[in-house]
Amino acid sequence: LELSGAATGLGGTATNALGYDLTAKLTKPDFLMRNQSLQTGVEALKQDLDAYNQRAFTAGASIRRPLSDIWSASLGLSGTQERIRQESVTRDYRFAGLPATFDLDSTGAAPLADPTHGWRAQFGVTPTMPFGVQSSLFGLLRASGSTYVDVGRLWSAAPGRSVVALRALIGSIVGASQLDVPPDQRFYGGGSATVRGY
């Protein structure tokens, strides 16, 4: 069981007010069969950003299992209800998603250790069904990858002391116009998950 809470908007230039991010996750290992895990979770979120203001509640569950020594897959179901104000327009969104991912990890690193060699990649697709004014199905497609090179080996330094990490991400949203996709589901440039990864 993992419980976490965070206060947001305490500083920085992209936030306008205080907010919160409260999450609860429960992971059940060996669910129905060995090496298969079930993860359930709920999240309550409030954030006031320059791009938009958001109040959201999300709940979901997913099953993850290894397919081989380096491949794993997960399939889940999630539901979200949120209110977003953007450019003086307030919209309510309700949608359900069916996220499916395939993960590659050839680094051999422990879950909390920094990798020193190998590849990591994730391929994901999330068919999403909105409920309300916009009711057409749309899909979120995303692929990301990173590689790690132990450059210390070039001059016989201690293994893992100097590692170069390269990362790339590509994604697309199909089946919906920009305004039909909730702002928090769109792709943005900036922050630790995008620009700093190039």
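Look above for the structure.
This report concerns the structure included in the present document. Predicted model, so just to flag it, every value in this text is computed and none were measured. (Residues numbered from 1 in each chain as written. Predicted model: local features only at pLDDT ≥ 70, side-chain atom pairs only at ≥ 80, totals over all residues. Heavy atoms only, no water.)

Our focus in this paragraph is unusual backbone geometry. One non-glycine residue, Asp30, lies in the positive phi region at around 50 degrees. Using a relative accessible area of 45% as the deciding quantity, one classes Asp30 as partly exposed. The backbone of Asn35 shows a phi angle near 65 degrees, a positive value even though the residue is not glycine. With respect to the helices, strands and loops of the structure, Asn35 is situated in the loop between strand 2 (15–28) and strand 3 (37–49). (Buried < 20%, exposed > 50% of the residue type's maximum accessible area, 1.4 Å probe, protein only. Helix = DSSP H or I, 4+ residues; strand = E, 2+ residues; numbered from the N terminus.)

Assignment of secondary structure puts Thr128 in strand 8 (residues 118–131). Using a relative accessible area of 3% as the deciding quantity, one classes Thr128 as buried. In terms of polar contacts, Thr128 uses its side chain to reach the backbone carbonyl oxygen of Thr126, at 3.2 Å. Other than its neighbours up to four places away in sequence, Thr128 contacts Phe95, Ala96, Gly97, Ser136, Leu137, Phe138 and Leu140. (Polar contact = N/O pair within 3.5 Å; in protein donor to acceptor, adjacent residues only side chain to side chain. Contact = heavy atoms within 4.5 Å.)

As a further point, take the pairing of strand 3. Pairing of strand 2 with strand 3, which is carried by 11 bridges, proceeds in the antiparallel orientation. Looking at the pairing, Ala17 lines up with Asp48 of strand 3. Of the strand pairs in this sheet, strand 3 and strand 4 (residues 53–66) are connected by 12 bridges, and their pairing is antiparallel. Each residue of the ladder has a partner; that of Leu38, found in strand 4, is Ile63. The hairpin formed by strand 3 and strand 4 contains 3 residues between the paired strands. (Pairing = 2+ DSSP bridges.)

Here the focus is the packing of aromatic side chains. Aromatic ring pairs are described here by two measures, namely the spacing of the ring centres and the angle between the planes. Scanning all chains against the criterion turns up 1 aromatic pair. With centroids separated by 6.4 Å and ring planes inclined at 25 degrees, the aromatic side chains of Trp71 and Phe123 adopt a geometry described as stacked. With Trp71 in strand 5 (residues 71–86) and Phe123 in strand 8, the pair connects residues that are 52 residues apart, well separated along the chain. The partly exposed category is assigned to Phe123, whose relative accessible area is 40%. (Phe/Tyr/Trp six-rings, centres within 6.5 Å; stacked < 30°, edge-to-face > 60°.)

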